[in-house]
Every structure is written in structure tokens, then in C-alpha cells.
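Each chain is listed here by its residues.
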Amino acid sequence: MLDLSKRVGAEPGTLCDRLFQNSRSIWERQFDHPFVEALGNGSLPRENFEFYILQDARFLEQLTKIFAAGAIASDEPAVMEKMCQLALDTIRVERELHETFAREFGLTIAQMEATPLAPTNYAYTRHLLSVVNNGTLPEIITATLPCAWIYAEIGKHFVSLGDPPADHPYRNWIQTYADPSFEEVGTWLRTTLNRITPEDEKTFRRLDEIFTISSRYEWMFWEMAWTLEAWKPQIS
Ligand SMILES: Cc1ncc(CN)c(N)n1
């Protein structure tokens, strides 16, 4: 298993470092998940990748709402602006990647948008929405932090193994998440969270719970696409 203790620790001693250290073992399990390994080395079967992209496009619709809700929950103009920007980037930049793949898979955008949420995707997005409906701004940021942070780390990890060759089937995906602009999202979320969160143990325990659940769902999302997860029982 990859030891992340020296690789992705946030600024030592900060709130985000404590959150990360408590969930580190969940994060480490993502790097050697068979879906992630196969995505990185290009051996991932097309069927799994297509399943993942269709589900992820639906996930990003909800993530957009979470960032928009972050803007509403804030009183600081600079934070509102950044949250609005993140909502826009999520819908535009990441969806562009998905739409490129949709064309490749021979699907229309309408078909992509009609994809039913698989159980884990449903559960993960309900977790995010429940934090938005009941939570404070630090809680909303914490719920989205593993999502931005883990993908940047995985993108960097793939590139650290060697630049993906021109014929790598998932090169576009790797380049999107290895791009420094993507890492900046995680950095901004961490800096903001460290700055605005009250320093009391009760708050920390609540944020830790939210961060751990989101980190687990990130692992489960890979697992969902690896197993082509389906609802049970099927409707007959
Ligand atoms: C499930 C998931 N988590 C995170 C990301 C990166 N925003 C994503 N596209 N999909």
C-alpha cells in the first residue's frame, strides 16, 4: 500500500492536517484500488470507464449545487466569489471532459443526463446534500474537500509514475486532474477551512465525521465503477 504520510499531508498542525491524518488509511486504499491502478496504467476495461464517466457526470451536477450552496452560506464576498467560480468550473471544465468522452462512447448529452444514479452515487450525493441542508460553511467545505483533494493527489500520482503516452486511453482524464489548477482548488478549500473554523473539539469531531464519510464515499465510488454496481433487487 502506498504510504501517504509524507506525500499529501496538509500544512502540519492545521485542522486539515488533522482531518487528513485521521482518514489517511482510507486515502491510501484508493491508490491501490484496482479501478484506480487500471485507470492509471490504461488497462481499465472500457465498460468500467464508461460506467464511471456516466455516473460521474451525474455526481458533478450535484457537486455544482454544493458549491453554489457554499456561496449562499458565506458572508465574505471573496469566499462567495470563489464558491460561485467553483460551481461554474465544475459544470463547465469537468463536464467538458465528460462530454468529450460521451461523444467517444456515441452517447448524447441527454442520454448521459438520463443515467440513473447507482446506489453509491445516490448515497454520496445525498450525504453532500444533507450537509448543505443542515450545515455551516465549514461543514459544507469539509464535505467537498476529499473530492477535490484526492483527485488532485491521484492525478499527480499517475504523472509521477511517468507521463501518460499519447495513446494512453485515459490520458485526458489524467491530464485534467494532474493540472496544477485542479490542485489549487484543494489548496484554497484547505486554506479557507483552516481560517474560518472555530477551534473547539466539538466542531472538530463533526468535521472529522463529515470528512471521513466523504473520504469513504470516494473509495466506494471507484468500487462502484469497478463492480458496475446495480440496485438490488432489480425491477422485474
Ligand atoms: C466522485 C468524484 N469525486 C471527485 C471528483 C473531482 N471533482 C469527481 N469528478 N468525482
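The numbers attached to residues start from 1 for each chain and follow its sequence in the written order. Only residues with pLDDT of 70 or above have their local features reported here, since the model is predicted, and side-chain atom pairs are shown and tallied only from 80 upward, although totals for entire chains, interfaces and linings are computed over all residues. Each side-chain value is derived from all of the structure's non-hydrogen atoms; neither hydrogens nor water enter the calculation.

Chemist: Is there a simple way to explain the overall build of the chain in this structure?
Modeler: From N to C terminus, the chain includes 10 helices and zero strands. For the chain, the N- to C-terminal ordering of α and β elements is α-α-α-α-α-α-α-α-α-α. Relative to the 2.2 N^0.38 estimate, which gives 18 Å for 236 residues, the radius of gyration of the chain is 17 Å and therefore close to what a compact globule would have. Seen through its C-alpha atoms, the chain measures out along the principal axes to roughly 50 × 40 × 35 Å. Think of it in three bands: with a 1.4 Å probe and only protein chains considered, a residue is buried below 20% of the maximum accessible area for its type, exposed above 50%, and partly exposed in between. Per-residue burial for the chain yields a buried fraction of 50% across its 236 residues. Contact criterion: two residues are considered in contact whenever any of their non-hydrogen atoms come within 4.5 Å of each other. Taking the contacts inside the chain whose residues are at least 6 apart along the sequence as the reference set, 81% of them involve residues at least 24 apart. Of the roughly 11300 Å² that the chain leaves accessible, carbon and sulfur atoms contribute 53%. When charges are counted, Lys and Arg contribute as positive and Asp and Glu as negative, whereas His and the chain ends are disregarded. By convention, charge coordinates are those of NZ in Lys, CZ in Arg, CG in Asp, or CD in Glu. Each charge class in the chain was averaged separately, 22 positive and 34 negative side chains, and the resulting centres sit 3 Å apart. To qualify as a helix, a DSSP run of H or I must reach at least 4 residues; to qualify as a strand, a run of E must reach at least 2; elements of each kind are numbered from the N terminus. It is over C-alpha atoms that the radius of gyration is taken, and the globule rule equals 2.2 Å times the number of residues to the power 0.38. Using a 1.4 Å probe, accessible areas were evaluated by the Shrake-Rupley method; residue-level cover was limited to the displayed protein chains.

Chemist: What's the story with the packing of helix H4 (residues 77-105) against helix H8 (residues 171-178) in this structure? I'm lost.
Modeler: In a pair of packed helices, the angle between the axes and the distance between the axes together describe the arrangement. To obtain each axis, a line is fitted to C-alpha atoms, and for helices this fit is confined to the stretch in contact; angles are then taken between N-to-C directions over 0 to 180 degrees. Where H4 meets H8, the axes come as close as 11 Å, and the angle between the chain directions of the two elements is 175°. Between H4 and H8, the angle falls in the class roughly antiparallel. Note on element contacts: H8 touches H4 through Asn172, Trp173, Thr176 and Tyr177, opposite Glu94, Leu97, Thr100 and Phe101. All amino acids are sorted into three groups, where Ala, Val, Leu, Ile, Met, Phe, Trp, Tyr, Cys and Pro are nonpolar, Asp, Glu, Lys and Arg are charged, and the leftover types, Gly among them, are polar. Its residues assigned to classes, the contact of H4 with H8 shows four nonpolar, three polar and one charged. Oblique is the label for every angle not falling under 35 degrees (roughly parallel), over 145 degrees (roughly antiparallel), or within 65 to 115 degrees (roughly perpendicular).

Chemist: Mind showing me how you'd approach the environment of Asp200 here?
Modeler: Relative to the assigned elements, Asp200 resides in the loop between helix H9 (180-196) and helix H10 (201-227). You can call Asp200 partly exposed: its relative accessible area is 34%. Linking Asp200 and Leu145, residues 55 residues apart in sequence, is a C-alpha distance of 20 Å. Here a polar contact is taken to be a pair of N or O atoms separated by no more than 3.5 Å, where protein atoms must pair a possible hydrogen donor with a possible acceptor and residues adjacent in sequence count only if both atoms sit in side chains. Among the polar contacts made by the side chain of Asp200, one reaches the side chain of Thr203 at a distance of 2.8 Å.

Chemist: Whenever I open this one, the site of the ligand confuses me. Can you help?
Modeler: We call a residue near a given molecule or strand whenever any one of its heavy atoms falls within 4 Å of it. Around the ligand lies a shell formed by Asp56, Phe59, Leu60, Glu94, Cys147, Tyr151, Tyr177, Phe182, Glu218 and Phe221. Within the side chain of Tyr177, an N or O atom sits 3.2 Å from a nitrogen atom of the ligand. Here a nitrogen atom of the ligand sits 2.8 Å away from a polar atom, N or O, in the side chain of Glu218. A 1.4 Å probe that fits into a set of points on a 1 Å grid over the protein atoms alone but cannot get out defines a cavity; an open set with protein on both sides within 12 Å along at least five of seven lines defines a pocket, and lining residues are those with an atom within 4 Å of a point. More than half of a molecule's atoms lying within 2 Å of a cavity's or pocket's grid points is what places that molecule inside it. Among the cavities detected, the one that contains the ligand is the largest pocket. When residues of the shell around the ligand are traced back to their parent elements, those giving at least two are helix H3 (46-73), helix H7 (137-160) and H10. With three residues, H3 is the largest single contributor of residues to the shell around the ligand. Split into classes, the residues belonging to the shell around the ligand amount to seven nonpolar, no polar and three charged.

Chemist: When you look at the UniProt feature "domain: Thiaminase-2/PQQC" (unreviewed entry) in the chain in this model, what are you seeing that I'm missing?
Modeler: UniProt positions are given in the numbering used here, feature names are shortened, and annotations may be inferred rather than shown by experiment. Residues given the UniProt feature "domain: Thiaminase-2/PQQC" (unreviewed entry) here are residues 21-227. Here residues 21-227 runs as 84% helix and 0% strand, with 28 Å between its end C-alpha atoms.

Chemist: Could you clarify how one ought to interpret the side chain of Thr125 in this entry?
Modeler: Positionally, Thr125 belongs in helix H6 (residues 119-134). At 3.0 Å, the side chain of Thr125 and the side chain of Arg126 are in polar contact. Sequence-distant contacts of Thr125, that is, excluding residues within four places in its chain, are made with Phe59, Gln62 and Leu117.

Chemist: It is not clear to me how the nonpolar core should be interpreted in this structure. Could you clarify?
Modeler: It is characteristic of soluble globular proteins that their nonpolar side chains tend to be buried jointly. Nonpolar cores were defined as sets of buried Ala, Val, Leu, Ile, Met, Phe, Trp, Tyr and Cys residues, with membership established by side-chain atoms within 4.5 Å. Of all hydrophobic cores here, the largest spans 72 residues; its most connected members are Leu39, Phe49, Tyr52, Met83, Trp173 and Trp222. Those residues in contact with Tyr52 that lie beyond four places of it in its chain are Phe35, Tyr151, Trp173, Phe221, Trp222 and Ala225.

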